[in-house]
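What follows is the residue order along each chain.
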Amino acid sequence: MTRKYFGTDGVRGRVGKGPITPEFVLRLGYAAGTTLVNREHLRGHANEGEHPAVLIGKDTRISGYMLEAALEAGFAAAGVDVMLCGPMPTPAIAYLTRALRLQAGVVISASHNPYDDNGIKFFSAQGTKLPDAVEMDIEARLEGAMGCMDSARLGKARRIDDAGGRYIEFCKSTFPNELDLRGLKIAVDCAHGAAYHVAPAVFHELGAEVVSIGVAPNGLNINEGVGATSPEALCRAVREHKADLGIALDGDGDRLMMVDAEGRLYDGDQLIYVIARHRAATGTVAGVAGTLMSNLGFEHALGRLGIPFARAKVGDRYVLELLQEKGWQLGGENSGHILCLDKHTTGDGIVSALQVLAALRGSGTTLGAACADLAMYPQKLVNVRLHEGFDWKGDPAIAAAVAAAEQALDGKGRVLLRPSGTEPLLRVMVEGVDAATVNGHAEAIAAAARAATD
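Only a predicted model underlies this, so the values are computations on that prediction, with no experimental measurement involved.

A. How the structure looks around the packing of aromatic side chains. Summed over all chains, the structure comprises five aromatic pairs. A connected cluster of aromatic rings, assembled from ring pairs, spans Y95, Y167 and F170. Sitting over the face of the ring of Y65, K58 holds its NZ or CZ atom 3.9 Å from the ring centroid. The lysine or arginine in question, K313, covers the ring of Y318, its NZ or CZ lying 4.3 Å from the ring centre.

B. Summary view of helix α10 (residues 316-326). Listed as buried for α10 are D316, R317, Y318, V319, L320, L322 and L323. Buried residues in α10 make contact with α4 (132-142), β12 (288-291), β13 (309-312), β14 (330-332) and β15 (338-340). The positive-phi residue at the C-terminal boundary of α10 is G327, with phi of around 75 degrees.

C. Expanded view of the side chain of Q355. Turning to its location among the elements, Q355 is positioned in helix α11 (residues 349-363). Within polar-contact distance, the side chain of Q355 engages the backbone oxygen of T174 at 3.3 Å. Setting aside its immediate chain neighbours within four residues, Q355 contacts T174, I275, R279, C340 and K343.

D. Looking closely at the sheet that holds strand β6 (residues 157-159). Read across the sheet, six strands follow the order β1-β5-β4-β2-β3-β6 without closing on themselves; strand pairing throughout is mixed. Here the strands that pair on one side only, and so sit at the sheet edges, are β1 (11-14) and β6. Pairwise comparison of adjacent strand axes, ignoring direction, gives a mean angle of 20 degrees for this sheet. Two elements, strand β2 (residues 53-58) and strand β4 (residues 104-108), share five bridges in a ladder whose sense is parallel. Residue G57 lies in a different strand from β4, and its bridge partner there is V107.

E. Main features of the environment of L28. By the element assignment, L28 lies in helix α1 (residues 22-43). On the accessibility criterion, L28 (0% relative accessible area) is buried. It is 20 Å that separates the C-alpha atoms of L28 and G421, two residues lying 393 residues apart in sequence. Residue contacts for L28: discarding those within four places in its chain leaves F6, I120, F122, I138 and L142.

F. Spatial organisation of the pattern of salt bridges. Going through the model one piece at a time under the given rule, you end up with 27 salt bridges. Ionic pairing is found between K172 and E205, a salt bridge with its closest N-O pair at 2.7 Å. Separated by 33 residues along the polypeptide, K172 in helix α5 (residues 163-173) and E205 in helix α6 (residues 199-205) bring together distant segments of the chain. Ionic pairing is found between R264 and E262, a salt bridge with its closest N-O pair at 3.4 Å. Ionic contacts of the salt-bridge type, sharing partners, join the residues D9, R12, K121, K129, D252 and D316 into one network.

Definitions and limits used
Residues numbered from 1 in each chain as written. Predicted model: local features only at pLDDT ≥ 70, side-chain atom pairs only at ≥ 80, totals over all residues. Heavy atoms only, no water. Phe/Tyr/Trp six-rings, centres within 6.5 Å; stacked < 30°, edge-to-face > 60°. Lys NZ or Arg CZ within 6 Å of the ring centre and 35° of its normal. Buried < 20%, exposed > 50% of the residue type's maximum accessible area, 1.4 Å probe, protein only. Helix = DSSP H or I, 4+ residues; strand = E, 2+ residues; numbered from the N terminus. Contact = heavy atoms within 4.5 Å. Polar contact = N/O pair within 3.5 Å; in protein donor to acceptor, adjacent residues only side chain to side chain. Pairing = 2+ DSSP bridges. Axes fitted to C-alpha atoms, helices over the stretch in contact; angles between N-to-C directions. Salt bridge = Lys/Arg side-chain N within 4 Å of Asp/Glu carboxyl O.

Nothing here speaks to function; it is geometry throughout.
This is the structure in structure tokens:
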């Protein structure tokens, strides 16, 4: 069955346009709630008078208030109790859902997208993305009419006041007890997003001197010129405050970029390499999972360390599936989604930063020195906006531009075209040894795609 609403990371879109409307989100809450009620009865977990319960968190977008209210009403109508924790990082909801023994967690966020987008994503009771079968069940129920439980069976709502403190303590618990961050000055950029009130506290309580930026959300400025998708602000802050390191998160706190004392930026591939290199020295890494976008230089560097590497489709849920299939613990994307399954069930920007810091403190080295053996291939990514329904795979001009690029690379690079899972974009990536060749062919393919869509 083809998904109608769920993408690779929940339901997402422009606020006010389907499916991100109050009416749809109300029905989504009811459909998800009905699914949970039925599944609880099937498993025999629902006793008389007891309701399934869910946790709802959100990022700092102004539309979160509206969508939270709609979801709460939908769940209550289905007989599901709701716990509300306000703005919290996506991985915090995954952790708290599991810690509070709830049936599901829900995050209202569009991650790195602009403020006028929003989305809904779900976590299972185990703190992982919902299984496909559950998402399909919810979609099927969305096609039916919305109902309402009898008054005596309606769900109730309450706020969780200590959610931030619980999550801060969890993050700190993933850092080695024998280490601390004393003597480090760290710039932390929270993208005016969901981590603004928790991330600085984590690093401060572990001993670091913290310089915070991107911690003044107003509902409209999430990801605007700050955070992991705009790391220039962090690079400036590190240089201005003479910090030892910089940490940039995205709007919902599951993506990480880092900056060294010289203001050099390190992406997900490089940060995973730092963690893997340290773990290889202690014999605690069985393999690393990346994606189709992972840099060839990253793959080759892991090979020199004797660390197996495998690629998944783009998307952290596919990296997770590959890790589970292989029985590995470490993987992620060059965009900064990093999975350390020995520490958390999902990608977590704060926890991932702590694993990098643990590697640096444990080996007494710097980011630059830890990456000295990692020679990244030049890689150019260009986004081209697509018209709905455009068949880019069948366009002869795009195919010709791709063929020309592959011929020029002569087996010493890669060309990858893929549609975004969250926006109407075609992502054009070219990678190779020579930067000029890479850039030229990426722009040529992008130009062919733009011309074809005009």
